[in-house]
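Okay, here's what each chain looks like letter by letter:
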Amino acid sequence: MLHYNDDIIDDMNDRLNKRLNTMRTVGIVISIAMIICGILCLMFPTKTLSAIVIIGAIMLIVSGVYQIIDYVSLPSMLRFAGNMSCGIINVIIGLILLISPKQLTIHVLVYIFGFILLFYGINKLTFAHQLSYFNMYGYSWPVMTSIIMIIVALIFLISPMFVSIILSYILAIYLIVEGITQLVEVINMHDLVI
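Residues numbered from 1 in each chain as written. Predicted model: local features only at pLDDT ≥ 70, side-chain atom pairs only at ≥ 80, totals over all residues. Heavy atoms only, no water.

(A) The arrangement of the environment of R24 in detail. Among the secondary structure elements, R24 is positioned in helix α1 (residues 6–43). Residues R24 and I187 lie 163 residues apart in sequence; the distance between their C-alpha atoms is 7.3 Å. Not counting the four nearest positions on each side in its chain, R24 is found in contact with V186, M189, H190 and D191. (Helix = DSSP H or I, 4+ residues; strand = E, 2+ residues; numbered from the N terminus. Contact = heavy atoms within 4.5 Å.)

Encoded structure:
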């Protein structure tokens with residue numbers, strides 16, 4: 001049987017919690033930025049379609065980088081490969097949206113966001129299952145948002161013409177919902193105790 005020195009365990013606990021606090025701060029900033037961008041998209045839908053694409057692409061990149069950092073900073077037993085996958089996909093799609101011609105981007109954006117929402121919704125549903133498996137409190141919020149994301153993704157993929165007409169509103173709602181979801185998740189994070 002192995003016995004660990006209490007100082008080593010306390011040091012490891014402190015380092016993990018410092019990282020967690022940094023991730024909380026970054027998560028709060030990203031969440032608030034997403035909510036603000038969503039509100040701006042709702043306020044100026046016709047004038048800012050190209051700006052919405054750029055803002056959405058940048059937010060995808062930032063969110064993807066956050067997800068990758070979050071994955072890497074967690075202890076291996078708490079890592080979930082879906083978070084890393086979502087992060088990489090968000091960064092790649094954000095970069096593609098930034099360099100694509102604007103006429104093409106609007107039409108392709110509907111399908112891209114449909115697949116992102118579908119993948120991200122399934123990932124959140126799996127994450128919620130993982131939270132329930134470990135008997136962690138507060139997994140109903142990720143379940144609810146994942147179901148909404150999957151339904152919206154199916155609408156994107158089934159009816160792309162309708163979605164392209166109301167794209168700015170949908171992007172705004174996505175940014176607001178995802179920003180609120182991340183904000184709730186970050187606020188509900190508790191320090192790790194080893």
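More follows now that the structure is in view.
(B) Fine view of helix α5 (residues 140–158). Between its first and last C-alpha atoms α5 spans 27 Å; for 19 residues at 1.5 Å apiece the expected length is 27 Å, and the two agree. Regarding α5, the residues found buried are P142, T145, S146, M149, I150, A153 and F156. One side of α5 holds all its buried residues, which, seen down the axis, span an arc of 145 degrees. Residues S140 and I158 are exposed on α5 and point more than 90 degrees away from its buried face. (Expected span 1.5 Å × (residues − 1). Buried < 20%, exposed > 50% of the residue type's maximum accessible area, 1.4 Å probe, protein only. Arc of directions from axis to C-beta.)

(C) Seen up close, the confidence of the model for the protein. The predicted model of the protein averages 81 in pLDDT, with 90% of residues at 70 or higher. Least confident of the elements in the protein is helix α6 (residues 160–165), whose mean pLDDT is 75; most confident is α5, at 86. (pLDDT = per-residue confidence, 0-100.)

(D) Inspection of the nonpolar core at higher detail. Ranked by internal contacts, the top residues of the largest apolar core, which has 32 residues, are L97, F113, I116, F156, Y174 and L175. Elements with a minimum of two residues in this core: α1, α2 (49–73), α3 (81–99), α4 (102–133), α5 and α7 (167–187). (Core = buried A, V, L, I, M, F, W, Y, C linked by side-chain atoms within 4.5 Å.)

(E) Quick look at the environment of V65. Checked against the element boundaries, V65 lands in helix α2. Distance from V65 to M84, taken between C-alpha atoms, is 9.3 Å for residues 19 residues apart in sequence.

(F) Summary view of the state of the cysteines. Evaluation of the coordinates by the stated rule reveals zero disulfides. Free cysteine C41: the closest other cysteine sulfur is in C37, separated by 6.5 Å. Take C41: its relative accessible area is 2%, and that puts it in the buried class. (Disulfide = S-S within 2.5 Å.)

(G) Fine view of the pattern of salt bridges. A full pass over the atoms with the stated rule returns two salt bridges. For D11, the salt bridge is made with R15, and the minimal N-O distance between the two is 3.7 Å. Within this pair, D11 and its partner R15 are both found in helix α1, separated by four residues, close to a single helical turn. Among the salt bridges present, the one from E185 reaches K124, with a minimum N-O distance of 2.7 Å. Taken together, the residues E185 in helix α7 and K124 in helix α4 connect sequence positions 61 residues apart. For K124, a relative accessible area of 4% translates into the label buried. (Salt bridge = Lys/Arg side-chain N within 4 Å of Asp/Glu carboxyl O.)

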